[in-house]
Amino acid sequence: MMNGDSMIKRLLESHTFADQLIPAHIDTLVGLAEPQSYEVGDYLTRTGKPANHCYLICCGQVTIELYEPGRGPRAVETLSPADSILGCSWLVKPYTWCFDSRAIEPTQTLALDTKALRSACETDHEFGYQVLMKFVTVYAERLRTSRIQLTDMYSAKE
Amino acid sequence: MYTGETATMVPTIHQIDRVIHETQDTFTLELHHSVGERGAVFRPGQFNMIYAFGAGEAAISISGSPHEPDRLTHTVRAVGTVTKALATLKAGDEIGVRGPFGKGWPMDAARGHDIVIVAGGIGLAPLRPLIYEIIRDRGQFGNVALLYGARSPEDILYEQEMREWRSRLDLEVIVTVDRASAGWHGCVGMVTKLIPKTPFNPYRAIAYVCGPEIMMSYSIRELKKQGLSEDSIFLSMERNMKCAIGHCGHCQFGPHFVCKDGPVFRYKKIQKIMDIREL
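Q: Is there a simple way to explain the sheet that holds strand β10 (residues 187–188) of chain B in this structure?
A: Within a sheet, each strand pairs with its neighbour through backbone hydrogen bonds, oriented either parallel or antiparallel. Residues and elements named next belong to chain B. Pairing is mixed across the open sheet formed by 7 strands, whose spatial order is β10-β9-β8-β7-β11-β12-β15. The sheet is open, and its two edges are formed by β10 and β15 (264–266), each paired on a single side. The sheet contact formed by strand β9 (residues 172–177) and β10 spans 2 bridges and is parallel. Pairing of V177 across the sheet is with V188, part of β10. Contacting β7 (114–120), β8 (144–150), β11 (205–210) and β12 (233–236), helix α5 (residues 213–225) crosses the sheet at an angle of about 165° to β11.

Below, the structure written as structure tokens:
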């Protein structure tokens, strides 16, 4: 039977986030990770709340929502395992979420303790560099696609 | 009866059987030949020049089934003078049709292969005949995925048909929108994000891409990231087509005329000129 850590390690190693990480760095992440499950409608993050975890999506689908007063929540992006990571607000002060995120399918994640992760990044700069590069790569791609969406490319053009 | 080049330059009269309102600004015209002649055989991806009398001609992709020769189907977005004039027509009205023109989607290249179809906005229209063809010969292809990006849920084309395709067990259909409205429970984000979620063997897959050029560029980039070669990607280009037979030069794209050498091109053939802004 698999104990908790070996199950987490197996989940982590099969996740795209772990691609090209050395075993020592994976072991560090295993110590910070906790498997979590969400039913449809469950929130992973709430705007303004402390960003105490970030998430590696293992299965399911999550919608990122912006709450507009008077109009309610608006989905701005959906994320699945192919998108790898959910949450970067833990990286910059004041470490609070800027968006809601909610499961729209039964979802499993590995939740990383972000306070411990920041501390591990500060202690081991090589680990920190590798982790930050993972986040930068994912978020640079999201910024790129968001900018293209801003062009409203499907709108009518004469 | 006209022959030779005259036949390609003289419109034949077609009558509108039905107008289907797809979205706020997009509609589908179902036509038949006014004097009862059988319609021209076309290949998926080809286009006709549609003549709105008193307004002019516009190149419009054929969006119906290649196996219904008596019915000609075009999906049109009302954005210019001609297409806005077409938008005012109703069943029983007549229009002129020249065509079919251009090179279509190569089907033989895909037999025995996985297929990834990436469509954006009205770009789904020229791909629909291809989808009909694939469904008709479904056993001849591997995994087939249709990835479709629309501006909003209200802008999704062929909604009923999309539902039918999604319900098939032998087609993977994923739809995403750039802007979700209340009640939308599907994907939100750029269509390129769907490509890594799609199961295909990059060494035995063919991709067909149609949509705004910026969407096609980023789709190609993602398809290549997933291992597809430049040889295995086909895209449909859009330029200002006038004569449709490669004489007038309006649709010149580097050394090619889009009307005659395209609109469907193998990516490898045009990759070097795709990023040249002046073209």
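Q: Any chance you could explain the sheet that holds strand β2 (residues 26–33) of chain B here in plain terms?
A: Residue and element names in this part refer to chain B. One open sheet holds the 6 strands; their spatial order is β4-β3-β6-β1-β2-β5, and the pairing between them is antiparallel. Each end of this open sheet is capped by a strand with a single partner; those strands are β4 (56–61) and β5 (72–77). Pairwise comparison of adjacent strand axes, ignoring direction, gives a mean angle of 40° for this sheet. Taken together, the 4 bridges between strand β3 (residues 47–52) and strand β6 (residues 94–101) define a ladder with antiparallel strand orientation. For F47, the partnering residue across the bridge sits in β6 and is F101.

Q: Explanation requested: the nonpolar core in the structure shown.
A: Across soluble globular proteins, nonpolar side chains have a tendency to be buried as a group. Residues and elements named next belong to chain B. In terms of nonpolar packing, the biggest core is built from 56 residues, with V116, I117, L147 and A207 touching the most fellow members. Other than its neighbours up to four places away in sequence, V116 contacts A145, L147, T198, F200, A205, A207 and L223. Judged by nonpolar contacts, the second largest core, of 26 residues, contains Y51, A59, L72 and V82.

Parameters and conventions
- Residues numbered from 1 in each chain as written.
- Chains lettered and ligands numbered in written order.
- Predicted model: local features only at pLDDT ≥ 70, side-chain atom pairs only at ≥ 80, totals over all residues.
- Pairing = 2+ DSSP bridges.
- Helix = DSSP H or I, 4+ residues; strand = E, 2+ residues; numbered from the N terminus.
- Contact = placed C-beta atoms within 7 Å.
- Axes fitted to C-alpha atoms, helices over the stretch in contact; angles between N-to-C directions.
- Core = buried A, V, L, I, M, F, W, Y, C linked by C-beta atoms within 7 Å.
- Buried ≥ 20, exposed ≤ 12 C-beta atoms within 10 Å, placed from the backbone.

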